[in-house]
Amino acid sequence: SCLSVTKDKRHPFQHNVINMADEVLVELQKELETAVSNADSTLADSAGEKQRRELAASETKTKLEAAETLEGCRLTAMTEAKATGKTNEAALVEAKKQEKFTLAQFDKVSARKTSLENIISTQLEPMKSAGGGKREINVLTKALGAFEGFDASLMQALPTA
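The shown structure was predicted, so the numbers you read here are calculated from the model rather than taken from an experiment. (Residues numbered from 1 in each chain as written. Predicted model: local features only at pLDDT ≥ 70, side-chain atom pairs only at ≥ 80, totals over all residues. Heavy atoms only, no water.)

Enquirer: For the overall build of the protein chain, give the residues involved together with the corresponding values.
Expert: For the protein chain, the count of helices and strands is three helices and zero strands. What you see in the protein chain, going N to C, is helices and strands ordered as α-α-α. Within the protein chain, the proportion of its 161 residues that are buried is 8%. Taking contacts inside the protein chain between residues at least 6 apart in sequence as the whole, the part at least 24 apart equals 26%. About 13400 Å² of surface is accessible on the protein chain, with carbon and sulfur atoms providing 62% of the total. (Helix = DSSP H or I, 4+ residues; strand = E, 2+ residues; numbered from the N terminus. Buried < 20%, exposed > 50% of the residue type's maximum accessible area, 1.4 Å probe, protein only. Contact = heavy atoms within 4.5 Å. Areas by Shrake-Rupley, 256 points an atom, 1.4 Å probe, with all protein chains shown as cover.)

In structure tokens form, the structure reads like this:
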């Protein structure tokens, strides 16, 4: 109702009400201008913020891909290591089996060698030193060779040695 009356015909109370409303509207306009300015500033910075976030997302994606690649390599290496371990275990078992067989053969050969050395020292050498006949020595040598399992070339070399 204050505004329906012209300015020169208003009551002082009406002037006070209009002045108060004017002050409130001016203050409200300042707040709205500040809010618009802040929103404009945020909007202007949003392009830069978007770019920073896209760059961070890209870097994170690259790091994730690298981590996934490393994990794949680690799993492959573990699988290969397990397979190699099983292969090595099988090779070790086979080597131990072969070692056991070789040691058994060595023991047999050692026993034969000891037996032969015993026969030579107790039979052949005394016969030779006593001047035993060549024929007896050859017979004893051939018998020893057959007993000990010598091959033919060793048998031929024994009588002349």
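Enquirer: Go over the confidence of the model for the protein chain with me, naming the residues and quoting the values.
Expert: When pLDDT is averaged along the protein chain, the result is 81, and 80% of the positions lie at 70 or above. The secondary-structure element of the protein chain with the lowest mean pLDDT is helix 3 (residues 152–157), recorded at 58, while helix 1 (residues 12–129) shows the highest, at 87. (pLDDT = per-residue confidence, 0-100.)

Enquirer: Got a sec to walk through the pattern of salt bridges? Specific residues and values, please.
Expert: According to the stated counting rule, one finds four salt bridges in the structure shown. Residues Arg52 and Glu49 are paired through a salt bridge, measuring 2.7 Å at the closest nitrogen-oxygen approach. Taken as a pair, Arg52 and Glu49 lie in helix 1 at a separation of three residues, close to a single helical turn. Relative accessible area serves as the criterion here: at 45%, Arg52 is assigned to the partly exposed category. Between Arg53 and Glu49 there is a salt bridge; the shortest N-O distance is 2.8 Å. One end of the pair is Arg53 and the other is Glu49, both in helix 1 and four residues apart, which spans about a single turn. For Arg53, a relative accessible area of 58% puts it in the exposed group. (Salt bridge = Lys/Arg side-chain N within 4 Å of Asp/Glu carboxyl O.)

Enquirer: Describe helix 1, with residues and values.
Expert: Structurally, the α-helix is built with 3.6 residues per turn, so residues lying three or four positions apart point the same way. With 118 residues, helix 1 extends 162 Å from end C-alpha to end C-alpha; this agrees with the ideal 176 Å at 1.5 Å per step. By the largest-angle criterion, Ile120 marks the main kink of helix 1, which is about 40°. Within helix 1, burial applies to Gln14, Leu116, Ile119 and Leu124. Once helix 1 ends, the next one or two residues include Gly131, with phi positive near 80°. (Expected span 1.5 Å × (residues − 1). Bend = angle between axes of the 7 residues up to and from the residue.)

Enquirer: Would you mind going over a nonpolar patch on the surface in detail, with residue names and values included?
Expert: Together, Leu25, Leu28 and Leu32 line one region of the surface with nonpolar side chains, adding up to about 290 Å² of accessible area. Looking at the secondary structure, you find Leu25 in helix 1. (Patch = residues over 30% accessible without salt bridge, like charges linked within 9 Å, V, L, I, M, F, W, Y side chains within 5 Å.)

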